[in-house]
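Summary of the model geometry
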Amino acid sequence: MNSSKHTEMANHAWSVADLLRGDYKQSDYGKVILPFTVLRRLECVLEPTRDKVAETAARFEGQDIDTDHFLRRASGHSFYNKSALTLKKIAADPQNAAKNLQVYVGSFSDNAREVLDKYEFSQQIKRLDSANQLYRVIGKFTDLDLRPEVVPNHNMGYIFEELIRRFAEQSNETAGEHFTPREVIKLMVNLLIAPDGDALSLPGVVRTVMDPACGTGGMLSAAEEHILALNPDATVEVYGQELNPESWAICRSDLMIKGQDPENIAFGNSFSDDGHRRERFDYLLANPPFGVEWKKVKEEVEDEYKNLGDAGRFGAGLPRINDGSLLFLQHMLSKMKPVDANGGGGSRVAIVFNGSPLFTGAAGSGESEIRRWILENDWLEAIVALPDQLFYNTGISTYFWILTNRKAPDHKGKVVLLDARDQWQKMRKSLGDKRKELGDGTNGKPNHIADITRLYGEAVNAAADPEHPLHGKVKVFDNSAFGYQRITVERPLKLRFELTEETLTALLAAKPVQKWAEERFLPRVPDVAAKVKARRKLTDEEEAEFQEQMDAETKLLADALGPLMDSQWATKSEAQMAFKGAVAGAGLHGPTGAPFAKAFRDAMGVRDPEGEVQKIKGEPEPDSELRDYENVPLGEDVEEYLKREVHPHVADAWIDHTKTKIGYEIPFTRHFYVYEQPRPLAEIDAELKALETEIQTLLGEVTE
């Protein structure tokens, strides 16, 4: 069956939209067309064994046994229908169409009925019936010949994917949640599978593919097609999980239509309810939603992190709550097959990210620790930068991360960065935020997909060869190149001491001074003292008296210090001596003790680059306001870095080694930055003058 036949049959199914217009929004057409296409296909597939299933059902009727196994065997498929009804019979009785269709759907096996339930098919039946369109819609689908001998499973997949694509385009506001552009999937699958071309061509090869955020199943279908194109005799088993009920139903329908096992597509949240808990897969790929928070499953994820650690999926760390992208990646990596002693086994992983997972999170953060875990295990094979405006629901830049636990010898210990941001062509018509596309070599388009795939395959050589025409588009780094030591650079706290209105106010408000004042007057008011000691509430009168006495005592201290106003001292000891002398001269016994000494220093001290270095236990006290942080490449001696980069500017700086953290980030754009010479001022000036002349001319035409 050629592509024009696929389109013709998809057009026939989509023509039902003419009947829906007015009763349904355009974006809801797929809610009718997709489940009816599934229903018609299932009916056509089951037609040859319909009588055998009916005989089997009749034979076991009334017996208290589970007949599911026998009915599946009778149908020859993983699903069946026990009813004698058909869509043609239902359409022929318009008055009872809704009732009969409900009975017909209810006669399917649980796995098929569950799919239709997720489409909310019962509601669509009622809605169509109330609009008097149900029997017409059914009649339209009975004209569609979807028997396997006419439309093989593989071709049926194409038809259904075409309908999914149209549905995604019609519901443009949410298309990106359910649908990844076909050419993006094709490139992703190429990069994921291409290195295994020789192994996949072996007779009888079996491969498993998994997508933990499978949406409508487009990536799974593309991976299956790619493997079968390399080896038509290969067996490809696809698995997935999806949270959105409608997308799950579409994906599961696609598998049923193609003859795959629909039980492989689990429903639910991959983080809190892993549908493939003990499974391991050959290939894993995903386009998880960008920047989506994981607050709803926070309790389950944190529980696994704390209680299972490295034995669970999230032992490396937890990213910030507002972006679960790196949780998806950890989940996928936990499902890699182990590599055996001979180097066999293992898995390959591909995932689409925005720029955030490359660098978000400082050293020691969850994101940084996850990157560290990946790089130190040597799992990251490459990152490929894609053009912006490539997806339906976002115009931001995106990246493929390709990972594996069985790197080729020339890739071991290394990461490839490939810049494909200029590999695009403009679309004739925008779809949502998608304004660019990757050419595939058809219809006169450039073959960006093949070019990127080819460059990916020869990346190590291209990076090493300055003469290679695409040398500037590829860079290869050791894993450790992305690591750094986050050092804390301290400088000593330097103070001079002075008494001003501002510093005096701060000193009198300090807790040790307030406590000193309190202890001086409370013995004179025993009733108030008893309440204060017992922490009982004072009356308004007592509160007023308390404050009056406090103010009086602190005023005594302020008056004693009056002669020192606007004085300055170079050292703390000089300032303390002056303070003690003034207080004693006024006949007072001032506050003392370590808490007061600290309060005195904090209130009277003023930062001064030429001031006295403050010390704690004989060591310089760091000034928190002068504290700085530096990222030093992993493996470099931090003390040597300090001498070379910091001491020429601030000779008294030192590193607090107790605060040093190891971090990992991948500054992709920095590695591909190319300096562009600013335009000459004369050229800019000439352009401005030309624009001024043009504006004057236009204004002249307006005023004439």
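Residues numbered from 1 in each chain as written. Predicted model: local features only at pLDDT ≥ 70, side-chain atom pairs only at ≥ 80, totals over all residues. Heavy atoms only, no water.

1. Considering helix 28 (residues 594–604)
Within helix 28, burial applies to F596, A599, F600, R601, A603 and M604. Residues of helix 28 that are buried in the fold lie against strand 13 (494–498), helix 23 (501–509), helix 24 (511–521), strand 14 (568–569), helix 27 (572–585) and strand 15 (605–607). (Buried < 20%, exposed > 50% of the residue type's maximum accessible area, 1.4 Å probe, protein only. Helix = DSSP H or I, 4+ residues; strand = E, 2+ residues; numbered from the N terminus. Contact = heavy atoms within 4.5 Å.)

2. Overview of the pattern of salt bridges
Following the criterion strictly, the structure yields 49 salt bridges and no others. Across the pair R113 and D110 runs a salt bridge whose closest N-O atoms are separated by 2.5 Å. Residue R113 and its partner D110 are located together in helix 8 (residues 110–118), separated by three residues, close to a single helical turn. When its relative accessible area of 54% is taken as the criterion, D110 is described as exposed. With a shortest N-O distance of 2.8 Å, D419 and R421 are connected by a salt bridge. (Salt bridge = Lys/Arg side-chain N within 4 Å of Asp/Glu carboxyl O.)

3. Some details on the sheet that holds strand 6 (residues 380–385)
Within a sheet, neighbouring strands are paired by backbone hydrogen bonds and run either parallel or antiparallel to one another. On the basis of which strands lie adjacent, the open sheet formed by nine strands has the order 3-2-1-4-5-7-6-8-11 and mixed pairing. The sheet is open, and its two edges are formed by strand 3 (265–267) and strand 11 (474–478), each paired on a single side. Strand after strand, the sheet turns through a mean of 15° between neighbouring axes, direction not considered. As paired elements, strand 6 and strand 7 (residues 398–404) share five bridges and run antiparallel to each other. When the bridges of strand 7 are listed, A382 appears paired with I402. (Pairing = 2+ DSSP bridges. Axes fitted to C-alpha atoms, helices over the stretch in contact; angles between N-to-C directions.)

4. Section: a nonpolar patch on the surface
Taken together, the side chains of L681, I684, L688, L691, I695 and L699 define a hydrophobic patch exposed on the protein surface, amounting to about 560 Å² of accessible area. Inspection of the secondary structure puts L699 in helix 31 (residues 681–703). Classification of L699 by relative accessible area gives partly exposed; the value is 46%. (Patch = residues over 30% accessible without salt bridge, like charges linked within 9 Å, V, L, I, M, F, W, Y side chains within 5 Å. Areas by Shrake-Rupley, 256 points an atom, 1.4 Å probe, with all protein chains shown as cover.)

5. Here's the deal with unusual backbone geometry
If you check the backbone angles, D378 has positive phi at about 60° while not being a glycine. Relative to the elements of secondary structure, D378 occurs in the loop between helix 20 (366–376) and strand 6.

6. Some words on the packing of aromatic side chains
The full count for this structure, using the stated rule, is 18 aromatic pairs. Judged by centre distance (5.2 Å) and plane angle (80°), the rings of F353 and W401 are edge-to-face. Here F353, found in strand 5 (residues 348–354), pairs with W401, found in strand 7; they are 48 residues apart in sequence, far enough to count as distant. There is no split in this pair, since F353 and W401 are both buried. For the ring pair F596 and F600, a centre distance of 6.0 Å and an interplane angle of 50° mean the geometry is tilted. (Phe/Tyr/Trp six-rings, centres within 6.5 Å; stacked < 30°, edge-to-face > 60°.)

7. Regarding the pairing of strand 1 (residues 206–211)
Of all the six residues making up strand 1, five are buried; the element is thus mostly covered by neighbouring parts of the structure. As paired strands, strand 1 and strand 2 (residues 235–242) are joined by six bridges and run parallel to one another. Following the sheet pairing, V206 is matched in strand 2 by T235. In this fold, the crossover linking strand 1 to strand 2 by way of helix 15 (residues 218–230) has right-handed handedness. Pairing of strand 1 with strand 4 (residues 283–286) involves two bridges; the strand directions are parallel. Bridge pairing links V209 to Y283 in strand 4. (Right-handed = clockwise from strand over helix to strand, strands pointing away.)

8. Side note on the nonpolar core
Counting residues in each nonpolar core, the largest one holds 100 residues, and the members touching the most others are F36, L101 and F400. The leading source of residues in this core is helix 3 (residues 30–46), at 10 residues. Filtering out sequence-adjacent residues up to four positions away, F400 remains in contact with V184, L187, M188, L191, I351, V352, A382, I383, V384 and L386. (Core = buried A, V, L, I, M, F, W, Y, C linked by side-chain atoms within 4.5 Å.)

9. A short note on the confidence of the model for the protein chain
Parts of the model with low pLDDT should not have their predicted coordinates read in detail. Put simply, the protein chain has an average pLDDT of 91, and 98% of its residues get 70 or more. Note that residues 173–178 has pLDDT below 50 and, in this model, 10 contacts with residues that lie over four places away or in other chains. (pLDDT = per-residue confidence, 0-100.)

10. Considerations on the pairing of strand 2
Of all eight residues in strand 2, six are buried; the element is thus mostly enclosed. Pairing of strand 2 with strand 3, which is carried by three bridges, proceeds in the parallel orientation. Bridge pairing in strand 3 places G240 opposite I265.

11. Some thoughts on the packing of helix 3 against helix 9 (residues 121–130)
For any two helices packed against each other, one specifies the crossing angle of their axes together with the interaxial distance. At their nearest, the axes of helix 3 and helix 9 sit 10 Å apart, and the two run at 110° to each other. It follows that helix 3 is roughly perpendicular to helix 9 by the angle criterion. Taken as a pair, helix 3 and helix 9 cross one another with a handedness that is left-handed. Seen from helix 3, the contacting residues are K31, V32, P35, F36 and L39; seen from helix 9, they are F121, Q124 and L128. In the contact of helix 3 with helix 9, the residues fall into six nonpolar, one polar and one charged. (Parallel < 35°, antiparallel > 145°, perpendicular 65-115°, else oblique. Left-handed = near helix turned anticlockwise from the far one by under 90°. Nonpolar A, V, L, I, M, F, W, Y, C, P; charged D, E, K, R; others polar.)

12. Observations concerning the environment of D656
Structurally, the position occupied by D656 is in the loop between strand 20 (654–655) and strand 21 (661–664). Overall, D656 belongs to the buried group, its relative accessible area being 19%. Distance in space between the C-alpha atoms of D656 and V489 is 6.5 Å, their sequence separation being 167 residues. Non-local contacts of D656, meaning those with residues more than four positions away in its chain, are made with T488 and E490.

13. Quick word on the side chain of T404
Counting through the fold element by element, T404 comes out in strand 7. Judged by relative accessible area, which is 0%, T404 ranks as buried. Polar side-chain contacts of T404 include one of 2.7 Å to the backbone oxygen of S347. In this structure T404 touches M336, S347, R348, D378, W379 and E381, once residues within four positions along its chain are discounted. (Polar contact = N/O pair within 3.5 Å; in protein donor to acceptor, adjacent residues only side chain to side chain.)

14. Thoughts on helix 13 (residues 182–193)
Between its first and last C-alpha, helix 13 extends 16 Å over 12 residues, near the 16 Å set by a 1.5 Å rise per residue. Burial runs high along helix 13: 10 of the 12 residues are buried. Looking only at helix 13, the buried set comprises E183, V184, I185, L187, M188, V189, N190, L191, L192 and I193. (Expected span 1.5 Å × (residues − 1).)

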